[in-house]
Amino acid sequence: MPVFWQKDIETMPRKELERLQLERLRHIVDYADKHVPFYHKKFGALKISADKIKCLSDVKYLPLTTKEDLRDNYPFSLFARPMREIVRTHASSGTTGKPIVVGYTRNDLSAWADQVARFCAAVGVTDADIAQISFGYGLFTGALGLHYGLEKLGAAIVPISAGNTQRQLMLMEDFGVTVLISTPSYATYLSEIAREQGIRDKLKLRVGLFGGEGCTPEMRAKIEENIGILSTDNYGLSELGGPGVSGECAFRCGLHFSEDHFLPEIIDSDTFETKEAGEDGELVVTTLTKEGMPMIRYRTKDITRLDYDVCKCGRTHVRMDKVKGRSDDMLIIKGVNVFPSQIESVLMNIPEIGAHYQLIIRREGLMDSLEVKVELVDGAYLVEYRKLEQLRNYVKEQLRSVLQLDVKVTLVEPKSLERFEGKARRILDLRGK
Amino acid sequence: MVIKQLSVFVENKIGRMAEITGIIGDANVDIRALSIADTSDFGILRLIVDKPEEALLALKENKITVSLTDVIAVGIEDKPGAFAKVVKIMSDAGISIEYMYAFISRSDDQAFVIMRVEDPDKGIAALNGQGIKLLCREDIY
């Protein structure tokens, strides 16, 4: 039985939905033009105004917005409302220099909570659930986004934040927690510990709402195997408001956009040409309702594709594929494009090695090399050195067949690689260092 | 007749051997023989000790990757040609030796040879009745 949060909107016939989107697109372009000097200037240079937008595909004439634009306008220059109307700010964890700052009005927060409640309801979360939020609370949009969405839905929230794995498991068991919110890598770690301590059967967990980073189907299968949980994926970025931009339904065949709030497109990252539905490319999103900080054609750098067919669940809103990788994350090694998610998929399918790994990229002379460190599961392969070598060669061969690249595989001891409580940092690029 | 050998996964980094052997020493376990090959990233340290089960437990408690492996131990006279005789018996029986290492006994003029074959029972059967002294735990530990 598909469950809805705002059924009328979520199952709105596409024609009607597109009419609504066009109306909102015109409005937001006009709004950004009037209230954000940055956009006023950009639109002026391109001689674009809201009245020139006749159909949805005209969105392609609008200028793209990038992360650099947000940095250049640090902290508040892209806000469309005065500070007295801004009620919340969030910021991304900028790895270099200043972070990206976003601002919300009261209406923005309310719409955001609805977007989150939608994907929670879509995978069966109800007001009877107890939801443990193991995202770190703070500037990051994940924890507070899920918090207010789940609260709006009526679930009982355990705002434990990240870290302290033993206490996480204790509350999960004692409170009878049914929904876990965390990054997939932390869920993997929690699920391993739960299995080791033999408390799996004492847990009532049934749904995992994972986000904050990508999750391959293989990693998700591992989490499900360890703690018997329905693991679901949702998507968002703080530049667009946070989680709730899209999320899976119980059929898990793509992530439904909140299309009444967001207009997605797929472009070619190099030529900026719009791609057809079904083609892989970079996701670009325009916010249709954001008041605090509207974004026109924001380049997400995430690689995915869109499917406009009506889903089995009855939702008409377009589905995006699980993100294949970020164009930012893409590694170019010896001229070969490598997405870390490809490597993860290979590794997760080899039961003799653990779920954690590390990628190290080096440059020796003019040659790049990729080393993949994987953990042994136990001592079963220690009878003969040959068996360990065979395992290593097998991993190497599997990676070669997927990546078309020779990698160095290093076997390390079980549980010796770093575990992460937030977003995993598994890539060490030592080139140019 | 089968002897228990400890097989320990050793990452090739400084201090690892010191750590592993230290744990064994702290558990009051005496190492009788050992072998490790020079490999690049990791190796397998093979140990014959007086209390293999206790050593196994102590290593596992310290999160060392370890397992027990069945091996054959034979005692041969410490003189020319004795060792060749043992190996010949195995090759005549069509048994391939995966790895082996030897040490001198402290009591009499004997050399102990530890051998790993795929099927230890088959190895023992081949050596039986050939005038080769097969050793049991007590002889070694």
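Worth saying up front: this structure is predicted, and the values here are computed from it rather than measured. (Residues numbered from 1 in each chain as written. Chains lettered and ligands numbered in written order. Predicted model: local features only at pLDDT ≥ 70, side-chain atom pairs only at ≥ 80, totals over all residues. Heavy atoms only, no water.)

Undergrad: Quick question: what am I supposed to make of the packing of helix H10 (residues 340–348) of chain A against helix H11 (residues 385–403) of chain A here?
TA: Geometrically, a packed helix pair is captured by the angle between its two axes and the distance between the axes. Residue and element names in this part refer to chain A. Remark: H10 packs on H11, axes separated minimally by 10 Å, with the N-to-C direction vectors making an angle of 140°. Here H10 is positioned oblique relative to H11, judged by the angle of their axes. H11 is crossed by H10, and the crossing has right-handed handedness. From H10, Gln342, Ile343, Val346 and Leu347 reach across to H11, where they touch Val395, Gln398, Leu399, Val402 and Leu403. In the contact of H10 with H11, the residues fall into seven nonpolar, two polar and no charged. (Axes fitted to C-alpha atoms, helices over the stretch in contact; angles between N-to-C directions. Helix = DSSP H or I, 4+ residues; strand = E, 2+ residues; numbered from the N terminus. Parallel < 35°, antiparallel > 145°, perpendicular 65-115°, else oblique. Left-handed = near helix turned anticlockwise from the far one by under 90°. Contact = heavy atoms within 4.5 Å. Nonpolar A, V, L, I, M, F, W, Y, C, P; charged D, E, K, R; others polar.)

Undergrad: I tried to follow the packing of helix H5 (residues 106–122) of chain A against helix H6 (residues 141–153) of chain A on my own but got confused; where do I start?
TA: All names here are of chain A. Between H5 and H6, whose axes approach to 7 Å, the crossing angle comes to 75°. Judged by the angle between their axes, H5 and H6 are roughly perpendicular. Two secondary-structure elements touch here, H5 through Ser110, Trp112, Ala113, Asp114, Val116, Ala117, Phe119, Cys120 and Ala121 and H6 through Thr141, Gly145, Leu146, Tyr148, Gly149, Leu150, Lys152 and Leu153.

Undergrad: Is there a simple way to explain the interface of chain A and chain B in this structure?
TA: Listed as interface residues are 18 residues of chain A and, on the opposing side, 21 residues of chain B. Interface area for chain A against chain B, summed over the two sides, is near 1,600 Å², with a carbon-plus-sulfur share of 57%. Where chain A meets chain B, there are two salt bridges. Between Glu413 of chain A and Arg16 of chain B there is a salt bridge, with its nearest N and O atoms 2.6 Å apart. (Buried area = accessible area lost by both parts, 1.4 Å probe. Salt bridge = Lys/Arg side-chain N within 4 Å of Asp/Glu carboxyl O.)

Undergrad: Looking at this model, I keep getting lost on the environment of Val383 of chain A. Mind explaining?
TA: Tracing the backbone shows Val383 of chain A in the loop between strand S19 (367–376) and H11. On the accessibility criterion, Val383 of chain A (18% relative accessible area) is buried. Distance in space between the C-alpha atoms of Val383 of chain A and Tyr148 of chain A is 54 Å, their sequence separation being 235 residues. Those residues within four positions of Val383 of chain A in sequence are excluded, and the remaining contacts are Arg46, Thr69, Tyr99 and Arg116 of chain B. (Buried < 20%, exposed > 50% of the residue type's maximum accessible area, 1.4 Å probe, protein only.)

Undergrad: For this particular structure, what's the right way to read the environment of Ile76 of chain B?
TA: Residue and element names in this part refer to chain B. As for its placement among the helices and strands, Ile76 is situated in strand S4 (residues 66–77). Ile76 gets classed as buried once you look at its relative accessible area, which sits at 8%. Residues in contact with Ile76, not counting those within four places in the same chain, are Ala82, Phe83, Val86, Asp109, Gln110, Ala111 and Val113.

Undergrad: Could you clarify how one ought to interpret the nonpolar core in this entry?
TA: For soluble globular proteins, nonpolar side chains are generally found buried alongside one another. If you look at the biggest cluster of nonpolar residues, it comprises 65 residues, and the most contacted ones within it are Leu25, Leu146, Leu150 and Leu209 of chain A. When neighbours within four sequence positions are excluded, Leu25 of chain A is seen to be in contact with Ile53, Leu56, Val59, Leu62, Leu263, Thr286 and Leu288 of chain A. In this structure, Leu370 and Tyr385 of chain A together with Phe9 and Phe42 of chain B belong to the second largest nonpolar core, which totals 29 residues. (Core = buried A, V, L, I, M, F, W, Y, C linked by side-chain atoms within 4.5 Å.)

Undergrad: Would you explain the pattern of salt bridges in this entry?
TA: Pairing of side chains with opposite charge becomes possible as their charged atoms draw close. All names here are of chain A. Under the defined criterion, the tally for this structure stands at 37 salt bridges over all chains. Asp368 is the salt-bridge partner of Arg431, the closest N and O atoms lying 3.0 Å from each other. Of this pair, Arg431 sits in the segment after strand S21 (427–429) while Asp368 sits in strand S19, and the two are 63 residues apart along the sequence. Like Asp368, Arg431 is buried. Each member of the salt-bridge network shares a partner with another, and the members are Arg363, Asp368, Asp429 and Arg431.

Undergrad: Just to check I follow, could you spell out the packing of aromatic side chains for this structure?
TA: Where two aromatic rings form a pair, the distance of their centres and the angle of their planes describe that pair. Using the criterion set out here, one finds nine aromatic pairs over all chains in the structure. Aromatic side chains Phe103 of chain B and Phe112 of chain B sit 5.4 Å apart centroid to centroid with 85° between the ring planes, which places their arrangement in the edge-to-face category. Neither Phe103 of chain B nor Phe112 of chain B differs from the other in exposure class; each is buried. Among the aromatic side chains, those forming a connected cluster through ring pairs are Phe38, Tyr39 and Phe43 of chain A. Of note, Lys290 of chain A hangs over the ring of Tyr104 of chain A, and the distance from its end group to the ring centre comes to 4.6 Å. The ring of Tyr99 of chain B has Arg46 of chain B sitting right over it, with the charged end atom 3.7 Å from the ring centre. (Phe/Tyr/Trp six-rings, centres within 6.5 Å; stacked < 30°, edge-to-face > 60°. Lys NZ or Arg CZ within 6 Å of the ring centre and 35° of its normal.)

Undergrad: What am I meant to see in the sheet that holds strand S12 (residues 298–304) of chain A here?
TA: Strands in a sheet are paired, the pairing made by backbone hydrogen bonds, and the direction either parallel or antiparallel. Residues and elements named next belong to chain A. Read from one edge to the other, the open sheet built from four strands follows the order S10-S11-S12-S15, with strand pairing classed as antiparallel. Either end of the sheet is taken by a strand with one partner, and the two such strands are strand S10 (262–267) and strand S15 (325–326). The pairing of strand S11 (residues 281–287) with S12 spans four bridges and is antiparallel. The residue of S12 that forms the bridge with Val285 is Tyr298. (Pairing = 2+ DSSP bridges.)

Undergrad: How should H5 of chain A be read in this particular structure?
TA: Residues three or four positions apart in an α-helix share a direction because the helix packs 3.6 residues into each turn. Residues and elements named next belong to chain A. When the terminal C-alpha atoms of H5 are compared, their 25 Å separation across 17 residues agrees well with the 24 Å that a helix rising 1.5 Å per residue should span. Summarising burial for H5: 14 of the 17 residues are buried, a large majority. Count one or two residues on from H5 and you reach Gly124, which has phi positive near 95°. (Expected span 1.5 Å × (residues − 1).)

Undergrad: Mind showing me how you'd approach the environment of Arg326 of chain A here?
TA: All names here are of chain A. With respect to the secondary-structure elements, Arg326 resides in strand S15. For Arg326, a relative accessible area of 22% corresponds to the partly exposed category. In this structure, the C-alpha to C-alpha distance between Arg326 and Thr300, residues 26 residues apart in sequence, is 8.2 Å. Not counting residues within four places of it along the chain, the set of residues in contact with Arg326 comprises Thr300, Lys301, Asp302, Ile303 and Phe339.

Undergrad: What's the story with the sheet that holds strand S9 (residues 255–257) of chain A in this structure? I'm lost.
TA: All names here are of chain A. Strands sit in the order S4-S3-S5-S6-S7-S8-S9-S14-S13 across an open sheet of nine strands; the sheet is mixed. On the outer flanks of this sheet lie strand S4 (156–158) and strand S13 (306–307), each paired with one strand and no other. In terms of strand pairing, S13 meets strand S14 (residues 319–320) through two bridges, oriented antiparallel. When the bridges of S14 are listed, Asp307 appears paired with Arg319. Strand contacts of helix H9 (residues 217–227): strand S6 (207–210), strand S7 (230–237) and strand S8 (242–248), with the helix running at about 135° to S7, the strand carrying the most contacts.

Undergrad: How should the side chain of Lys222 of chain A be read in this particular structure?
TA: All names here are of chain A. Looking at where Lys222 falls in the secondary structure, it is placed in helix H9. Buried charge without a salt bridge: Lys222, with Glu225 as the nearest opposite-charge side chain at an N-O distance of 5.8 Å. Setting aside residues no more than four positions away along its own chain, Lys222 makes contact with Met348, Ile353 and Ala355. (Lys, Arg positive; Asp, Glu negative; His and termini not counted.)

Undergrad: Teacher, can you tell me more about the pairing of S12 of chain A here?
TA: Remember that side chains alternate between the two faces of the sheet whenever the strand is regular. Residue and element names in this part refer to chain A. Most of S12 sits out of view: six of its seven residues are buried. Pairing of S12 with S15, which is carried by two bridges, proceeds in the antiparallel orientation. Counterpart to Ile303 in the pairing with S15 is Gly325.

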